[in-house]
Amino acid sequence: MRLTKFEHAALLLEDSGKKLFVDPGSFTTPLTDTANTVAVVITHEHADHWTPEQLTRVLDLNPEATIFAPEGVARAAADFDVTVVHAGDTVEAGPFTLRFFGGVHAVIHSSIPTVDNLGVLINDELYYAGDSFTIPEGVEVDVLAAPAGAPWMKVAEVMDYVLAVKPKRSFPTHEMVLSRASKDMSNARIAWATEQNGGEHFALEPGDTLDL
């Protein structure tokens, strides 16, 4: 399985000639090469994690592709056929096995309502918690998508999160809200936390790939 990191929170997984997209949103350049997509995972309803235009770019070439998302996304994306999933669910999409964790977005501020959010474990290898620090209990995480910057986090929190998950490998996600200097700082902190348990950090930039 191969991972390609796109801008911000968007990921592409490829296995056996099939594709799975995760969180293609408004901070991600328009998706183009979407043929052979079997599914899209949307962790939550915020626009930086999905847009109607990005979903349409997938579905125009792959009308049978399944959209997996929590209930909040199904309400927000009412014009699309969304398969609602919950924490504890396991589903299959082509060569991909998806396990879901969590349920709630991290708190941004007490004045801002929290929304549904699900973390996803893909093929028991890659874990991405969406906008949360949900730890997948009982899972040895091979590759962790670690949030680098967001209104709902500070770097100390992601460092503690990485220390708790103990991934063998990590890479940054959710970084388009950061300057170049801030990206470098976050990468250094995530790398340190990953290395404390013998793991390795990969400072992937948009377009970079990692074989899982």
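Small disclaimer: the values here were computed from a predicted structure and weren't measured.

Asker: I'm lost on the overall build of the chain in this one. Help?
Answerer: If you tally the helices and strands in the chain, you get four helices and 14 strands. Considered along the principal axes of its C-alpha atoms, the chain spans approximately 45 × 45 × 35 Å. The buried share of the chain, taken over its 212 residues, is 53%. For the chain, restricting intrachain contacts to residue pairs at least 6 apart in sequence, the fraction spanning at least 24 positions comes to 57%. Taken as a whole, the chain presents about 9000 Å² of accessible surface, with 50% of it coming from carbon and sulfur. Within the chain, one finds 14 positive and 31 negative side-chain charges whose respective centroids are separated by 5 Å.

Asker: Whenever I open this one, a nonpolar patch on the surface confuses me. Can you help?
Answerer: A cluster of nonpolar side chains, namely F27, M176 and V177, defines an oily patch on the protein surface of about 250 Å² accessible area. As for its placement among the helices and strands, V177 is situated in the loop between β12 (169-173) and α4 (180-195). Taking relative accessible area as the criterion, V177 reaches 43% and is therefore assigned partly exposed.

Asker: Just checking my understanding: could you explain unusual backbone geometry for this structure?
Answerer: Backbone geometry places H8, a non-glycine residue, at a positive phi of 60 degrees. Within the secondary structure, H8 sits in the loop between β1 (2-5) and β2 (11-15). In this structure H8 comes out as buried when scored by relative accessible area, which is 0%. In this model, H174 sits at a positive phi of 55 degrees, which is unusual for a non-glycine residue. Mapped onto the elements, H174 comes out in the loop between β12 and α4.

Asker: Before we go on, may I ask you to explain the packing of helix α3 (residues 155-165) against α4 in this structure?
Answerer: Think of two packed helices as two axes; the pair is described by the angle between the axes and how far apart they sit. At a closest axis distance of 8 Å, the pairing of α3 and α4 adopts a crossing angle of 25 degrees. What the angle tells us is that α3 and α4 run roughly parallel. In this structure, the crossing between α3 and α4 has a hand that is right-handed. Judged by residue contacts, V155, V158, M159, V162 and L163 of α3 engage R189, I190, W192, A193 and T194 from α4. Residues belonging to the contact of α3 with α4 are distributed by class as follows: eight nonpolar, one polar and one charged.

Conventions and cut-offs
Residues numbered from 1 in each chain as written. Predicted model: local features only at pLDDT ≥ 70, side-chain atom pairs only at ≥ 80, totals over all residues. Heavy atoms only, no water. Helix = DSSP H or I, 4+ residues; strand = E, 2+ residues; numbered from the N terminus. Buried < 20%, exposed > 50% of the residue type's maximum accessible area, 1.4 Å probe, protein only. Contact = heavy atoms within 4.5 Å. Areas by Shrake-Rupley, 256 points an atom, 1.4 Å probe, with all protein chains shown as cover. Lys, Arg positive; Asp, Glu negative; His and termini not counted. Charge placed at Lys NZ, Arg CZ, Asp CG, Glu CD. Patch = residues over 30% accessible without salt bridge, like charges linked within 9 Å, V, L, I, M, F, W, Y side chains within 5 Å. Salt bridge = Lys/Arg side-chain N within 4 Å of Asp/Glu carboxyl O. Axes fitted to C-alpha atoms, helices over the stretch in contact; angles between N-to-C directions. Parallel < 35°, antiparallel > 145°, perpendicular 65-115°, else oblique. Left-handed = near helix turned anticlockwise from the far one by under 90°. Nonpolar A, V, L, I, M, F, W, Y, C, P; charged D, E, K, R; others polar.

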